[in-house]
Amino acid sequence: MPMFNNTKLNRIISSFRGILHSKRYNFTKEEFEKLLNLLQMANNVTNDNSDVDCGFKDMLETYANDYHPYLAIVVCLFGTVANILNIAVLTRKDMVCAPINRILTALAIADMVLMIEYIPYACYYYMVVPTKMDFPYPGGVYMLFHAHITQILHTISVCLTLTLAIWRYLAIGYPEKNTILCSESRCTLAIGISYLLPVILCAPAYFTITLSEQKIREDNQTFILYHTDLNEMFKNDKTLLKINFWIYAVFLKLLPCCILTVISCWLIYTLFKAKKRHKALRSYDCVPLRENKETKKKASKAERRADRTTKMLLAVLFLFLITEFPQGIFGLFIGIQGKDLFLGCYQMYGEVMDILALINGAINFILYCCMNRMFRSTFGKLFKHKILAPWAPASEIHTSTRNGTNTTEL
C-alpha cells in the first residue's frame, strides 16, 4: 500500500497502533470491528488521493520537512524587524501627514503581527511535534487559533493592499477632488474597515474547521489527543465544502487580484501618459519667463515625486499579485474538483505558498528604501546618527565653548 503525507491517514495509523498495543493482539469483537473500519477508512484515503498527481512531490516533501521551518523563521525574524523599521519611519511627523503612509503603516502592522505569530507555529509544528498529526489539548487549541488568526491577518493585508491601490487611483484620477476623496477622515475609515471586514469575511472558516479528539490506548493507558479537522457537517455535505472554497477563492483571492490588476494597468498607463506630456512640455518650452520657469520646476519636482510613489506602490502590488494569484487559482480548482484536490495537491503546496506570502510581507522595507527618497532620508535622520555615532573617529568630535558651556558636536 503506498504511503501518503496525509493527516487523516496518520491518525488512522495512530489509532491502529493504539489498538494493537492495548490488548497485545488479543481483540474483542468490538475492537476487531473498529479495526476493520479503520482499515476501510485507510483504503478510502489511498484511493481518493491516488488519482491526484500534482508533480514535484518528492521535492515538495523535502522542502517542507527539511528546509521550510528554518527558512520561514529566518524570513519572519527579518520581516518583523523590517516592519518595525517601516512603522518607525512612516510614523515620523513629516511622514504620517500623508494618508498613503498611514495605510502603509497599517499594512506593516498586520504583516508584523502575522510573522510574530508564525514563528512559534513553525517551531511547534515542525520541530516540537514530530508526527504533525495529534497534539495535547493546549497544542490543539493553538493550532485552531493559528488556522483562524493567520487567515484573518492575511485577509487584512489583502484589504489594505486593495485600499492602497484604490487610494492611489483616486489621487491620480481625480486630482481636483483630492481634498474630499482622500481626506484624513476617509483614510481612518478605510483602515478601520480593512481591519474589521476580514473578521466577517473569514466567518465561514470558523464553522468549517473544528477541534476533534482522538483516543489512543498504549501500555494500558488511555491518552486523548486533539487535532484540527473539518466539521462533520462539511464532511458529510460536499456542496457546503465547495461553497466554502468558492467564497475563499473568489471573494478573498481572485476578486481582489482582478481589481488590483486593473488598477495596476491603469497606473502604468498613467505613468506613460505623464512621461509623454512632460516631453511635449519640454519641447514647447523654449524661452520661458523666470517666474514661469520656477513654477514649472516646482511642478515638475512634485510630479516626479508622485511618479516615484506610484512606481513604488506598483512594485508592492505586483509582489502581492505574484503570491495571491496562485492561491486563488488553487482555491477555484478545489471548488470545482472537490476536497480530493485539496488533500492531494493544495496541502502539498501549502508550505511554498506560506513562504511566498511571508517574503511578500517582509520585503516591503527593501522596496521603500530603494524606490522612495523621502523614506530613505527620514530613515537616515532617524537611525544613521545613532548607528554610526559609537564608531565615529575621535578626530571628528570637536569641542567648542558657547556662552561658557562646553558642547560636543559630531
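Residues numbered from 1 in each chain as written. Predicted model: local features only at pLDDT ≥ 70, side-chain atom pairs only at ≥ 80, totals over all residues. Heavy atoms only, no water.

## Considerations on empty space enclosed by the protein
Moving on, step 1. Scanning the entire structure with this criterion turns up one cavity of 30 Å³ or more.
Moving on, step 2. In this structure, the largest cavity spans a volume of roughly 120 Å³.
Moving on, step 3. Lining the largest cavity are 14 residues, with D111, S157, F320, N360 and G361 positioned closest to its centre.
Moving on, step 4. Elements with a contribution of two residues or more to the lining of the largest cavity: α5 (99–128), α6 (137–173), α12 (290–337) and α14 (350–362).
Moving on, step 5. Considering each element in turn, the lining of the largest cavity owes the most residues, four residues, to α5. (1 Å grid on protein atoms, 1.4 Å probe; cavity = no way out; pocket = protein on both sides within 12 Å on 5 of 7 lines; lining within 4 Å. Points joined across faces, edges and corners; volume = space filled by probe spheres on them. Helix = DSSP H or I, 4+ residues; strand = E, 2+ residues; numbered from the N terminus.)

## Side note on helix α3 (residues 57–90)
Moving on, step 1. Taking 1.5 Å as the rise per residue, α3 with 34 residues should run 50 Å; its terminal C-alpha atoms sit only 43 Å apart, a clear shortfall.
Moving on, step 2. Of all the bends found along α3, the most pronounced is centred on Y67 and spans about 60°, while P69, a proline, follows it within four residues. (Expected span 1.5 Å × (residues − 1). Bend = angle between axes of the 7 residues up to and from the residue.)

## Comments concerning the environment of M112
Moving on, step 1. Note on placement: M112 falls in helix α5.
Moving on, step 2. Along the primary structure M112 and C76 are separated by 36 residues, whereas in three dimensions their C-alpha atoms are 8.4 Å apart.
Moving on, step 3. With sequence-adjacent residues up to four places away left out, M112 is seen in contact with T80, N83, I84 and I87. (Contact = heavy atoms within 4.5 Å.)

## Concerning the nonpolar core
Moving on, step 1. Counting 34 residues, the largest nonpolar core has L104, L164, Y368 and F375 as its most contacted members.
Moving on, step 2. Element by element, the count of residues in this core is highest for α6, at eight residues.
Moving on, step 3. Residue contacts for L104: discarding those within four places in its chain leaves L90, L164, M312, L313 and Y368.
Moving on, step 4. I73, Y118, M143 and A362 belong to the second-largest nonpolar core, a separate cluster that totals 19 residues. (Core = buried A, V, L, I, M, F, W, Y, C linked by side-chain atoms within 4.5 Å. Buried < 20%, exposed > 50% of the residue type's maximum accessible area, 1.4 Å probe, protein only.)

## Focus on the packing of α3 against helix α15 (residues 364–371)
Between two packed helices, the angle of one axis relative to the other and the distance separating the axes together describe the packing.
Moving on, step 1. In the contact formed by α3 and α15, the axes pass within 8 Å of each other and the chain directions differ by 45°. In terms of orientation, α3 lies oblique with respect to α15. Here α3 contributes F78, A82, L85, N86 and L90 to the contact with α15, which in turn contributes N364, F365, I366 and Y368.
Moving on, step 2. Here the contact of α3 with α15 is built from residues that sort into seven nonpolar, two polar and no charged. (Axes fitted to C-alpha atoms, helices over the stretch in contact; angles between N-to-C directions. Parallel < 35°, antiparallel > 145°, perpendicular 65-115°, else oblique. Nonpolar A, V, L, I, M, F, W, Y, C, P; charged D, E, K, R; others polar.)

## Quick notes on the environment of A362
Moving on, step 1. Structurally, the position occupied by A362 is in helix α14.
Moving on, step 2. In this view, A362 contacts V75, F78, G79, A82 and M115; residues no more than four positions away in its chain are not counted.

## Quick look at the side chain of T80
Moving on, step 1. Mapped onto the elements, T80 comes out in helix α3.
Moving on, step 2. The buried category is assigned to T80, whose relative accessible area is 13%.
Moving on, step 3. If we ignore the near neighbours within four places in the chain, the residues touching T80 are M112, M115 and I116.

## Notes on the pattern of salt bridges
Moving on, step 1. Inspection of the entire model under this criterion finds two salt bridges.
Moving on, step 2. Between E184 and R102 there is a salt bridge whose closest N-O contact spans 2.6 Å. With E184 in helix α8 (residues 184–201) and R102 in helix α5, the pair connects residues that are 82 residues apart, well separated along the chain.
Moving on, step 3. On the accessibility criterion, E184 (36% relative accessible area) is partly exposed.
Moving on, step 4. K253 is paired through a salt bridge with E324; the nearest N and O atoms lie 2.8 Å apart. Of this pair, K253 sits in helix α11 (residues 238–284) while E324 is found in helix α12, placing the two residues 71 residues apart along the sequence.
Moving on, step 5. On the basis of relative accessible area, K253 is assigned to the buried category, the value being 2%.
Moving on, step 6. Judged by relative accessible area, which is 0%, E324 ranks as buried. (Salt bridge = Lys/Arg side-chain N within 4 Å of Asp/Glu carboxyl O.)

## Quick notes on the confidence of the model for the chain
Moving on, step 1. For the chain, mean pLDDT is 75; residues scoring 70 or higher make up 67% of the total.
Moving on, step 2. Here residues 1–6 is modelled with pLDDT under 50, and outside its nearest four sequence neighbours on either side it reaches twelve contacts, counting other chains as well.
Moving on, step 3. Within the model, pLDDT remains below 50 along residues 394–410, and this stretch shows 20 contacts once partners closer than five positions in the same chain are excluded. (pLDDT = per-residue confidence, 0-100.)

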